[in-house]
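# Observations on chain architecture
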Amino acid sequence: MTINLTLLVLMGALFAVGVHLLLERSLTRVLLGIILISNGVNLLMLQTAGRAGLAPIVRGDAGFEDMLDPLPQALVLTAIVISFALTSLMLALIYRSWALARQDEVADDEEDRRVAAQPVHDPEEDSDVPAETSEFSEADPADPHQARQRGRLLNPQAGRDATAGGAVEDQLRRGLHEPDDDAGARGRAAEPDAGSADGSSDGPPRRGRRR
Amino acid sequence: MDGDLASLIPLAVLLPVLGAGFGFAFYRQQTTQRAVTLGTLTLTVVLEIVLLADVWQGGAQAVHLAGWPAPFGIAMVIDRFSALMLVVSSIITLAVLLYAVGQGAAAEERRDDGPVSIFYPTYLILVAGVSNAFLAGDLFNLYVGFEIFLTASYVLLTLGGGEARIRAGVTYVVVSIVSSLLFLITIGVIYAATGTVNLADLALALGELDRGMQLLLHVMLLVGFGIKAAVFPLAFWLPDSYPTAPAPVTAVFAGLLTKVGIYSIIRTETLLFPGERLNTALMIVALLTMLVGILGALAQSDVKRMLSFTLTSHIGYLVFGLSLLSITGMSATIYYVAHHITIQTTLFLVTGLIERRSGTSAVDRLGGLAKISPVLAVLFFLPAMNLAGIPPFSGFIGKLGMIQGGVAENTAIAWTLVVGSVVTSLLTLLALARIWARAFWRRAEDADDPDPLLMSKTLAHARAANKRLLPTSMTVPTALLVGLSLAFTVFAGPLLSFSRAAAQDMYERTPYLEAVLGEERVDGVRAELRELAAQVDGLETGDGGAEEHAPVHTSVEPRDAEQLESDDAADGHADDAASGAGDGAGDGAGSGAGDDAGDEAGGESR
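Nothing here was measured: the structure is a model prediction, and the numbers come from that model. (Residues numbered from 1 in each chain as written. Chains lettered and ligands numbered in written order. Predicted model: local features only at pLDDT ≥ 70, side-chain atom pairs only at ≥ 80, totals over all residues. Heavy atoms only, no water.)

## Some details on the overall build of chain A
Across its full length, chain A holds eight helices and zero strands. Buried residues in chain A amount to 33% of all 211 residues. Surface accessibility of chain A: about 13100 Å² in total, with carbon and sulfur atoms responsible for 60%. (Helix = DSSP H or I, 4+ residues; strand = E, 2+ residues; numbered from the N terminus. Buried < 20%, exposed > 50% of the residue type's maximum accessible area, 1.4 Å probe, protein only. Areas by Shrake-Rupley, 256 points an atom, 1.4 Å probe, with all protein chains shown as cover.)

Laid out in structure tokens, this is it:
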């Protein structure tokens, strides 16, 4: 097959520039890249016909060797129409994106970011495993956390009844350990973000108690 | 073969296009538009079922448009595989259309969800494009089919033009355009190399190219189709873009569009580039698709996104099956494609219902649905278990077939894939069980910031709200699809034998080539074709395939009477005990289907 060098170089340039533009973040440039690449593809299809030749009309003396293969031109015609339609559709989309969000860039996916930001382990799946405590561990009376754990071991109802220890403990809990301690030990809920657990300080522990 | 019936093939594309035209003309009269769309699609379904019935008996048929003979004109070809795909896809689209009609009639108050006047015609164009891709007899027509349904899908995905949809839509459009351009480049190069774009003609011409060129063209085609089919490294556009669209649109996209890509990959692997050149690469890709997809699904907290990830993950099964180069693998793939189209569509429709009922599709905010609406729970549970591949369902049968194929292959990579597919199946079950446990089983109060819709005072209140939020016009089409997915289980025997025959046709290649090019042209190369086809496990042996090539015996592999007899005759009654155990312990559906398949294949080869 004979190939026209000018067309070949032009095609290469169109592809190169097109790919470069396609990698930009700005949508308009992406569109320009697509236009260039699709024109490059059209040139490629055109070249598959080989060397330029006569119109493929059977007239007296012209041999088949002198004629141009017409099929690639038919294909290119279809491809041009399709790429034209898609370009206008893309333009409409970009304009709409600009009108709505004042944005001419490929936007991040919010849900993706949310999923990426969520904690590595899912609190709910690790819940209901009570904190490992041992009566033989060294007790530090100054540590309110251990005091509370002891209280719970001795009196499982702690925090529910208004016994003296329970009341103190309740206070301690509300004051100091509400968000991460109790919610962590018993009533871990579905919140992937600790923020909402903080905000509704009464929610998760109540549920834990009801179980 | 009935020549008259075959000439109806182009109608499968023409009818929806005409319907779309009328739909656009009546854009002000919603009722007329709806009637036209429903009528057209019903007609298409009837037509395609007739074509399927014809092909079921007769095998591949081709129509040469405008009477130009094959390599010069445009051919439309229907063989067993494409007929099955056509029928399944059009039934799905009809059911989704009914759902959309129900949604449009029921959801006037919700701005975004009701179909606007362009929905119905665009939907029909989508159907026309998909049909065209399934029927295309040449590469360029395949490209045109792709473009038709992709353009329709761009419009449907950005329906209403809200900000989120535009954002997701732009990514989708750019990725799809780039994949189409790649495909077009490939077509150009293939034409330059062979001088034809007719698939049947290419099947003969490509074999004569030198190996390097063949490899290049093969890889280029697979990359182009791989983007469309959402195969692993090329799949990341899908979970971003699908979930934003309205429920019926997502459902039909999830069911159909990726499967057209798979269809094209199967055609590439069987018709254009048969042989095992890229099979190991495809298997690695399949494994990664399965695992990465399902791990992505586990990380999601939105039902729609989770389903989108399971969708890409299960594409891996299909790639696994088609890369096995055995009749067992390919027939399981064909069966699994049909099953997966139905299941994935159904699940997305049910998710649409969940979203309507509870105002959100975020798993953390859902709860108590099983109590509020047991119907919804059943509608979710059946396809979910089906997708995960729990034994009696069709998902299990399809996966079992692939695993059998993998075991029969008995190479290290095939065994890795067998393990990988089982793991993926279990992880799918985990992902779906999480949705089930949270959205359906826990109490609504336990949910994180549940929607007021879920917090009715009494059960009576909740049931009353059901009537408003889950109208029968939407639940019935969904239930129909669930019924269809169960039918895949009930009629697994005939369906598997059919897909076995389809796989046989595709690997043999002669039925397709004879239909398009005529017998004289094929006669010249018949020996060559047979030589290539001989590489395929289980082809034309007429014994159900697996035994001869399966060094590892499982209790569920297909055994049929003839084979047992010949076994008996050959080696005395040596393996009587083994085969007896196999038959006894074998899963009813599995071995029954295998027997049917064996008989069918035997009948074909004689």
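Moving on from the model shown.
## Some points on the overall build of chain B
Within chain B one finds 28 helices and two strands. Counting the 606 residues in chain B, one finds 65% classified as buried. Contacts in chain B between residues at least 24 apart in sequence constitute 80% of all its contacts with a sequence separation of at least 6. (Contact = heavy atoms within 4.5 Å.)

## Observations concerning the packing of helix α6 (residues 139-157) of chain B against helix α11 (residues 247-272) of chain B
Residues and elements named next belong to chain B. The contact between α6 and α11 brings their axes to 12 Å, and the two run at 160°. In terms of orientation, α6 and α11 fall into the roughly antiparallel class. Once α6 is placed against α11, the crossing between them reads as left-handed. On α11, the residues touching L142, F146, F149, S153, L156 and L157 of α6 are V249, F253, L257, V260, G261 and S264. Counted by class, the contact of α6 with α11 contains nine nonpolar, three polar and no charged residues. (Axes fitted to C-alpha atoms, helices over the stretch in contact; angles between N-to-C directions. Parallel < 35°, antiparallel > 145°, perpendicular 65-115°, else oblique. Left-handed = near helix turned anticlockwise from the far one by under 90°. Nonpolar A, V, L, I, M, F, W, Y, C, P; charged D, E, K, R; others polar.)

## So, the environment of A:D66
Residue and element names in this part refer to chain A. Within the secondary structure, D66 sits in the loop between α2 (27-47) and α3 (71-101). Among the residues examined, D66 registers a relative accessible area of 44% and is labelled partly exposed. Through-space distance from the C-alpha of D66 to that of A55 is 8.7 Å; in sequence the pair is eleven residues apart. Not counting residues within four places of it along the chain, the set of residues in contact with D66 comprises G53 and L54.

## Looking at the packing of helix α5 (residues 119-135) of chain B against α11(B)
Residue and element names in this part refer to chain B. Following both chains from N to C, one finds α5 and α11 inclined at 20°, their axes separated by 10 Å at the closest point. What the angle tells us is that α5 and α11 run roughly parallel. Two packed elements cross with a definite hand, and for α5 against α11 that hand is left-handed. Within the contact between the two elements, α5 uses F119, Y123, L126, V130, A133 and F134 and α11 uses V249, V252, F253, L257, V260 and Y263. Considered class by class, the residues forming the contact of α5 with α11 number twelve nonpolar, no polar and no charged.

## Focus on helix α24 (residues 526-533) of chain B
All names here are of chain B. Of all the residues in α24, the buried ones are R526, L529 and A533. The arc that holds the buried residues of α24, viewed along the axis, is 60°, so those residues lie on one side. In this structure, α24 carries A527, E528 and E531 as exposed residues pointing more than 90 degrees from its buried face. Considering only its buried residues, α24 is in contact with α8 (199-205), α21 (492-508), α22 (510-517) and α23 (519-523). (Arc of directions from axis to C-beta.)

## Overview of the interface of chain B and chain A
Contact residues are listed per partner, giving 41 residues for chain B and 44 residues for chain A. Where chain B abuts chain A, roughly 3600 Å² becomes buried across the two surfaces, and 67% of that area is made up of carbon and sulfur atoms. The tally of links between chain B and chain A comes to zero salt bridges. Between the two partners, chain B and chain A, sit one residue pair in polar contact (both at pLDDT 80 or more). Elements that contribute at least two residues to the side of chain B that touches chain A include exactly α6, α7 (163-194) and α18 (412-441) of chain B. Among the elements that make up the side of chain B that touches chain A, the one with the highest residue count is α7(B) (15 residues). Taken together, the residues of the side of chain B that touches chain A break down into 19 nonpolar, eight polar and 14 charged. (Buried area = accessible area lost by both parts, 1.4 Å probe. Salt bridge = Lys/Arg side-chain N within 4 Å of Asp/Glu carboxyl O. Polar contact = N/O pair within 3.5 Å; in protein donor to acceptor, adjacent residues only side chain to side chain.)

## Quick look at the environment of A:V19
Residue and element names in this part refer to chain A. Summarising the element assignment, V19 is placed in helix α1 (residues 5-22). On the basis of relative accessible area, V19 is assigned to the partly exposed category, the value being 41%. Each C-alpha atom of the pair V19 and L36 lies 8.6 Å from the other, and the pair is 17 residues apart in sequence.

## Digging into the pattern of salt bridges
All names here are of chain A. Under the criterion given, the structure shown has six salt bridges over all chains. Put simply, R29 and E24 hold a salt bridge, and the shortest N to O gap is 3.5 Å. We classify R29 as partly exposed; its relative accessible area is 42%. Judged by its relative accessible area of 27%, E24 is partly exposed.

## Describing unusual backbone geometry
For residues other than glycine, phi is negative in most cases, and the peptide bonds are mostly trans. Residues and elements named next belong to chain B. Here A230, not a glycine, exhibits a phi torsion of approximately 60°, which is positive. On the basis of relative accessibility, which here comes to 0%, the residue A230 falls in the buried class. Here N410, not a glycine, exhibits a phi torsion of approximately 55°, which is positive. Along the polypeptide, N410 turns up in the loop between α17 (394-409) and α18.

## Section: the packing of aromatic side chains
All names here are of chain B. Tallied over the entire structure, the rule returns 25 aromatic pairs over all chains. With centroids separated by 6.5 Å and ring planes inclined at 85°, the aromatic side chains of Y335 and F488 adopt a geometry described as edge-to-face. Placement of Y335 in helix α14 (residues 327-358) and of F488 in helix α20 (residues 472-490) is noted, with a sequence separation of 153 residues between them. Pair check on accessibility: Y335 and F488 agree, each one buried. Of the aromatic side chains, those joined through ring pairs into one cluster are F140, Y143, F146, F149, F183 and F225. The ring of F146 carries the charged tip of K228 above its face, separated from the ring centre by 4.6 Å. (Phe/Tyr/Trp six-rings, centres within 6.5 Å; stacked < 30°, edge-to-face > 60°. Lys NZ or Arg CZ within 6 Å of the ring centre and 35° of its normal.)

## Brief notes about the nonpolar core
Ranked by size, the top nonpolar core spans 221 residues in total, and within it B:L139 and B:F380 carry the most contacts. Per-element accounting of this core gives the leading share, 16 residues, to α14(B). (Core = buried A, V, L, I, M, F, W, Y, C linked by side-chain atoms within 4.5 Å.)

## Brief notes about the pairing of strand β2 (residues 75-78) of chain B
Residues and elements named next belong to chain B. The two faces of β2 match: A75 and V77 on one face and M76 and I78 on the other face are all buried. As defined by bridge partners, strand β1 (residues 61-64) adjoins β2 across four bridges and the pair is classed as antiparallel. Bridge pairing links Q61 to I78 in β2. (Pairing = 2+ DSSP bridges.)

## A closer look at helix α19 (residues 459-469) of chain B
Residues and elements named next belong to chain B. Those residues of α19 lying buried are A462, A465, N466 and L469. An end-on view of α19 places all buried positions within 115° of arc, on one side of the element. Across α19 from its buried face, at more than 90 degrees, point the exposed residues A460, K467 and R468. In this fold, the buried residues of α19 make contact with α14 and α15 (369-372).

## As for the confidence of the model for chain A
Residues and elements named next belong to chain A. Of all residues in chain A, 55% attain a pLDDT of 70 or more, and the chain-wide mean is 69. Throughout residues 158-173 the model reports pLDDT below 50, and contacts reaching past four residues in sequence, or to other chains, amount to 21 contacts. Long-range and interchain partners of residues 175-211, a stretch whose pLDDT sits below 50, account for 52 contacts in this model, where long-range means more than four residues apart. (pLDDT = per-residue confidence, 0-100.)

## Focus on the side chain of B:R509
All names here are of chain B. With respect to the helices and strands, R509 occurs in the loop between α21 and α22. When its relative accessible area of 3% is taken as the criterion, R509 is described as buried. At a separation of 2.7 Å, a polar atom in the side chain of R509 contacts the main-chain carbonyl oxygen of L271. Setting aside anything within four residues of it in sequence, one finds R509 in contact with A203, T270, L271, P274, L529 and L532.

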